[in-house]
Structures are given as structure tokens and as C-alpha cells.
Amino acid sequence: MSKKAKSAKKARRENISGPDAQAPSAVSDASVPAKKLSNKAYLKELEKLEAELVHLQQWVVSKGLKVIIVFEGRDGAGKGGTIKAITGRVSPRIFRVVALPAPNDREKSQMYLQRYLPHFPAAGEVVIFDRSWYNRAGVERVMGFASEEQVQDFLKGAPLFEKLMVSKNDIILLKYWLEVDMDEQTRRLEARITDPRKQWKLSPMDLKSYSRWYDYSRARDAMFEATDSEWAPWFAARSNDKKRVRLNIIRHILNSIPYEVAKPAKITLPKRQSAGKYQASVHPVKYVPEVY
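Residues numbered from 1 in each chain as written. Predicted model: local features only at pLDDT ≥ 70, side-chain atom pairs only at ≥ 80, totals over all residues. Heavy atoms only, no water.

Undergrad: Any chance you could break down the side chain of arginine 136 for me, citing the residues and the numbers?
TA: Turning to its location among the elements, arginine 136 is positioned in the loop between β3 (125-130) and α5 (139-142). Looking at arginine 136, the relative accessible area reads 12%, which means it is buried. There is a polar contact of 2.9 Å between the side chain of arginine 136 and the side chain of glutamate 140. The residues contacting arginine 136, other than those within four sequence positions of it, are Tyr112, Arg141, Ala146, Gln150, Val151 and Phe154. (Helix = DSSP H or I, 4+ residues; strand = E, 2+ residues; numbered from the N terminus. Buried < 20%, exposed > 50% of the residue type's maximum accessible area, 1.4 Å probe, protein only. Polar contact = N/O pair within 3.5 Å; in protein donor to acceptor, adjacent residues only side chain to side chain. Contact = heavy atoms within 4.5 Å.)

Pasting the structure below:
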């Protein structure tokens, strides 16, 4: 590798890494206030990270990597917005988002993890789970959709299942918990009530679970204790500030999956063909009204 290439690679790594790149090892319900990040600064940094995500995508495809990224957290923690920030500039055929609905009667009769397996990545794919098999340790436990025996069986089995994923099937598994505090969650859920653009996000389940803050805290703590393994650790991210958590998680993903930037192919647009005998159609075209 030339000195120029090494220097560029070092600069790129410094641009996306730093002493704060690692997520906190413990979750606190309180977040540290920080100076508000301006939209200009956020978009500038996001643009850099988006370019790196494209480089990562090319590396995943060229090396046939299989990546799973799991997002968990309370309602209103910012999972959807973070996933949109990750996927905004990459191919949806490579970065697939999976957000499963409640299981139907057939799926309820299956082995619990069975409904998730068909969505796992093949070589050259990144699958992002917007909530995952950890529903059993969270919402199903808190809302009584699973028995305590089923929950305990899951907590014992999940680390073994994930070890098979990582060690026997070469899957890169990243698990993120987004932590929002009480006041911010209230503000976001109230916004869903009053903002027509967000009302679709508010489900009856959100309203039921809102009052059970400490039940969710206990479920989260038990989940971490049982499934925070050496081969598939949990990473917590404070998400009161949506812009910061998106940047921090993207940077953490980039730092967690070693990749190299492929040399760009030299591309030249070909000459257009001549019009020849083409004549414009006389069929009247209905254009969209140009109101704006």
C-alpha cells in the first residue's frame, strides 16, 4: 500500500472513530445533557458516515459477509429514525430491514425462533431487525404474552442460538439497545397523538406499555444479564438526542465491522444514439399539476 493510500486510510479511520466510539457498558435511565447539535453539523457528519456505509456495503458484497443488526428499546426510543439514517444511502437489496408484525395463529404454533430464520442474511447481505427475537424478553414478558417458563427458556437458549449464528454460520451480529428517559418518551408519544404525520406510529400496545416503565426496566436488566455474551454483546446508546444517537450508532457499526475501501472503477458515460427516424408521439400526455 502506498504512503498516500495509508495516509488516506488513517484519516478516514480517525474521521469515524475516537475515544467515545464504544457504547456505554451499563444502562442508566438518566442521560447526560449535551449541547444541542445543529442540523448543519448533523447533516455534515451524516454525509461522511453515509459515504463510509457505502464503502462497507461494497466490502460486504465483495467478501460475501453476513451481517445482522438488532435494534431494541422502549416505544419512542428512536429505533425507526436510526434505521432510516443507516439505510438512507445504501441499497435496500443489500441492507434489508425486517419489522415483523404480531405473530399469526400459525406462527404462534411454531418453534419461537422459527419465524425469524427465513429473514436471516445470505452472503453479501446486511439484515436490520427493527425489534427481533428479543420481543420474548421484552414486550411479551411485560404484557403477559409469554409465560415465565417460556421467557426463562428463551433467556437460556438465546446465547446458545447466537453462538451458533456467530461461530458456526459466520454471521456478524450487532445488538443495540436505545435508551430514552421518561420525560423524552412522554414528549415523543404525545407528539404522536397530536401530529398527523406520526399518528400511525402510535399503537394500542404503546399506550398499554407506557404505564409499565419499571416492568420494562426489570425486563431489560434481566435480558442484559442473561444474553450479554462475549460473542454477542449488547451495546446501549442514549437516545434522548436523536441526531447524536444516529451518528454514534452508525460510527459504532463502521468500527465494529473491519472493511477496506475498494478502488473505484473508472466509469465513462457512453455516447447517446442518434435520433435516427424517431418522431415524438402525438399522444397527449397527462402531466402532474405543477402546484409548487
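Undergrad: With reference to specific residues and values, describe the environment of asparagine 104.
TA: Turning to its location among the elements, asparagine 104 is positioned in the loop between β2 (95-98) and α4 (105-108). A distance of 3.1 Å separates a polar atom in the side chain of asparagine 104 from the backbone nitrogen of arginine 106. A distance of 2.7 Å separates a polar atom in the side chain of asparagine 104 from the backbone nitrogen of glutamate 107.

Undergrad: Please set out the packing of aromatic side chains residue by residue, giving values where relevant.
TA: When we look at a pair of aromatic rings, we describe it by the centre distance and by the angle of the planes. Applying the stated criterion across every chain yields a total of 16 aromatic pairs. Each ring, one from phenylalanine 71 and one from tyrosine 176, has its centre 5.5 Å from the other, and the planes form 20 degrees; the classification is stacked. Highlighted residues: phenylalanine 71 in strand β1 (residues 66-73) and tyrosine 176 in strand β4 (residues 171-179), separated in sequence by 105 residues. Tyrosine 176 shares its class with phenylalanine 71; the two are buried. With centroids separated by 5.7 Å and ring planes inclined at 45 degrees, the aromatic side chains of phenylalanine 120 and tryptophan 133 adopt a geometry described as tilted. (Phe/Tyr/Trp six-rings, centres within 6.5 Å; stacked < 30°, edge-to-face > 60°.)

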